[in-house]
Amino acid sequence: MEIITANSNPKIKNINKLNKNTSFRKEKQVFIIEGIRMFRELPVDRVKQVFVSETAYQKYKAELFEKGITEQDRRLIVVSDSVFQSMSQTKTPQGLLAVVDRYHYTMDGLISVMNGRENGNTFLVLESIQDPGNLGTIVRTAEAADVTGIIIGGDSCDIYNPKVVRSTMGTIFRVPFVYVDDLAGAVDRLKKHGIVVYGAHLDGQDLYAGKLEKNSAFLIGNEGNGLTVELSLKADRLIRIPMAGQVESLNAAISATLLAYEAYRQRK
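Just so it is clear, the structure is predicted and the values come from calculations on it, not from any experiment.

Engineer: Can you explain the sheet that holds strand E7 (residues 149-153)? Please cite residues and give values.
Structural biologist: As summarised here, the arrangement of the six strands in space is E8-E7-E6-E10-E9-E11, forming an open sheet in which the pairing is parallel. Each edge of the open sheet carries a strand with a single partner, namely strand E8 (177-180) and strand E11 (237-240). Strand after strand, the sheet turns through a mean of 30° between neighbouring axes, direction not considered. Where strand E6 (residues 121-126) and strand E10 (residues 215-220) come together, six bridges link them in parallel fashion. Across the sheet, the residue bridging to Leu-126 is Ile-220, located in E10. Sheet contacts for helix H6 (residues 107-115): E6, E7 and E8; angle to E7, the most-contacted strand, approximately 155°.

Printed below as a string of structure tokens:
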């Protein structure tokens, strides 16, 4: 079993680069998860490497072994506590992180999943979502609200950003998502398969004033600017979430949550 005690070790440098560099993560087709809770939910067949601090190794050894990560497994790398501190992206490291194979979903795959769901479908279509916390929360909400899949515009933040991954709380392992450069074209594909498209817009009709279709998609715009005119025109109907007081708009993640849950409530 390897034990690393120096920050200059190439494997440590590789982790630090994966944490910080979107292009490098994409090149290597991996991402980083950190913490024992995320590790517990991680499909072990996607694990490339596991880094654990010496202190955490004693604490989590049994759980590692349960997943088949034993002392003889070349994927297991133990590091000194100080080295792990330098690798961690959190203020209070739990002493465990893993390098994980990326997921490769496609529009064809999402549509295939859609066709197998008898109780209806909900898609979230995200345009220029820039805040990692928002994107991670949307992914987490998507599982809870039984969303079929998430379609993300290419100019949104990277779903494999460590902040996004942490915010998903493990749901990134289970919620299908796909990045597309032509978001309007992706919406057209959904419409061809019977999906009714709703655009979240301040000029829309009250969300609670009418019934949503069983198969629906919600367009969620950029945190600051909302939906572009081009994407708004793709909506079959514009809807707004009613707000009391002097609130002008809601956070993108909150908006996505309310819309997804209303669709879920009506489907149920």
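Engineer: Tell me about the packing of H6 against helix H9 (residues 183-192), and please be specific about residues and values.
Structural biologist: The interhelical angle for the contact between H6 and H9, taken along N-to-C directions, is 25°, at an axis separation of 11 Å. Taken as axis vectors, H6 and H9 run roughly parallel relative to one another. For the pair H6 and H9, the sense of crossing is right-handed. Contact residues: Met-107, Asp-108 and Ile-111 in H6; Ala-186, Arg-189 and Leu-190 in H9. Of the residues contributing to the contact of H6 with H9, the split by class is four nonpolar, no polar and two charged.

Engineer: Before we move on, could you go through the pairing of E11 and cite the residues and values that matter?
Structural biologist: Of the two faces of E11, the one holding Arg-237 and Ile-239 is buried and the one holding Leu-238 and Arg-240 is not buried anywhere. In this sheet, E11 lies alongside strand E9 (residues 196-206) in parallel orientation, the contact comprising five bridges. Bridged to Gln-205 within E11 is Ile-239.

Engineer: Explain the pairing of strand E3 (residues 47-53) to me, using residue names and the numbers behind them.
Structural biologist: Counting buried positions along E3 gives six out of seven residues, so the element sits mostly inside the fold. Bridge count for E3 against strand E5 (residues 96-101) is five bridges, and the pairing is antiparallel. The residue of E5 that forms the bridge with Val-52 is Leu-96. Looking at chain direction, E3 and strand E4 (residues 76-79) are connected through four bridges and run parallel. Bridge pairing in E4 places Ser-53 opposite Val-79.

Engineer: Now, about helix H11 (residues 252-267): what can you tell me, with residues and values included?
Structural biologist: Look at H11: 23 Å from first C-alpha to last across 16 residues, which is about the 22 Å you get at 1.5 Å a residue. You can read the cap of H11 off the contacts: a side-chain oxygen lies 2.7 Å from the backbone nitrogen of Ala-253, and it is on Asn-251.

Engineer: Describe empty space enclosed by the protein, with residues and values.
Structural biologist: Inspection of every chain in the model, using the stated rule, returns one cavity of 30 Å³ or more. Its boundaries defined by the atoms lining it, the largest cavity holds a volume of some 30 Å³. What lines the largest cavity is Asn-19, Ile-32, Ile-33, Glu-34, Gln-89, Pro-162 and Arg-166. Going through the elements one at a time, strand E2 (30-34) and helix H8 (162-168) are the ones with two or more residues in the lining of the largest cavity.

Engineer: Residues and numbers for the packing of helix H7 (residues 132-144) against H11, please.
Structural biologist: At a minimum axis separation of 9 Å, H7 and H11 run at an interaxial angle of 10°. In terms of orientation, H7 lies roughly parallel with respect to H11. Where H7 abuts H11, its residues Asn-134, Thr-137, Ile-138, Thr-141 and Ala-144 lie against Ala-252, Ala-253, Ala-256, Thr-257, Tyr-261 and Tyr-264. Classifying every residue of the contact of H7 with H11 gives seven nonpolar, four polar and no charged.

Engineer: Can you tell me about the sheet that holds E3, naming the residues and giving the values?
Structural biologist: Spatially, the five strands line up as an open sheet ordered E1-E4-E3-E5-E2, and their pairing is mixed. Because the sheet does not close on itself, it has two edges, and the strands there are strand E1 (2-4) and E2. Pairwise comparison of adjacent strand axes, ignoring direction, gives a mean angle of 25° for this sheet. Pairing geometry for E2 and E5, over five bridges, is antiparallel. Paired with Glu-34 across the two strands is Leu-97, which belongs to E5. This element, helix H4 (residues 54-66), spans E1, E3, E4 and E5 of the sheet and lies at about 135° to E3.

What counts, and where the lines are drawn
- Residues numbered from 1 in each chain as written.
- Predicted model: local features only at pLDDT ≥ 70, side-chain atom pairs only at ≥ 80, totals over all residues.
- Heavy atoms only, no water.
- Pairing = 2+ DSSP bridges.
- Helix = DSSP H or I, 4+ residues; strand = E, 2+ residues; numbered from the N terminus.
- Axes fitted to C-alpha atoms, helices over the stretch in contact; angles between N-to-C directions.
- Contact = heavy atoms within 4.5 Å.
- Parallel < 35°, antiparallel > 145°, perpendicular 65-115°, else oblique.
- Left-handed = near helix turned anticlockwise from the far one by under 90°.
- Nonpolar A, V, L, I, M, F, W, Y, C, P; charged D, E, K, R; others polar.
- Buried < 20%, exposed > 50% of the residue type's maximum accessible area, 1.4 Å probe, protein only.
- Expected span 1.5 Å × (residues − 1).
- Polar contact = N/O pair within 3.5 Å; in protein donor to acceptor, adjacent residues only side chain to side chain.
- 1 Å grid on protein atoms, 1.4 Å probe; cavity = no way out; pocket = protein on both sides within 12 Å on 5 of 7 lines; lining within 4 Å.
- Points joined across faces, edges and corners; volume = space filled by probe spheres on them.

This is a description of form; function is not addressed.
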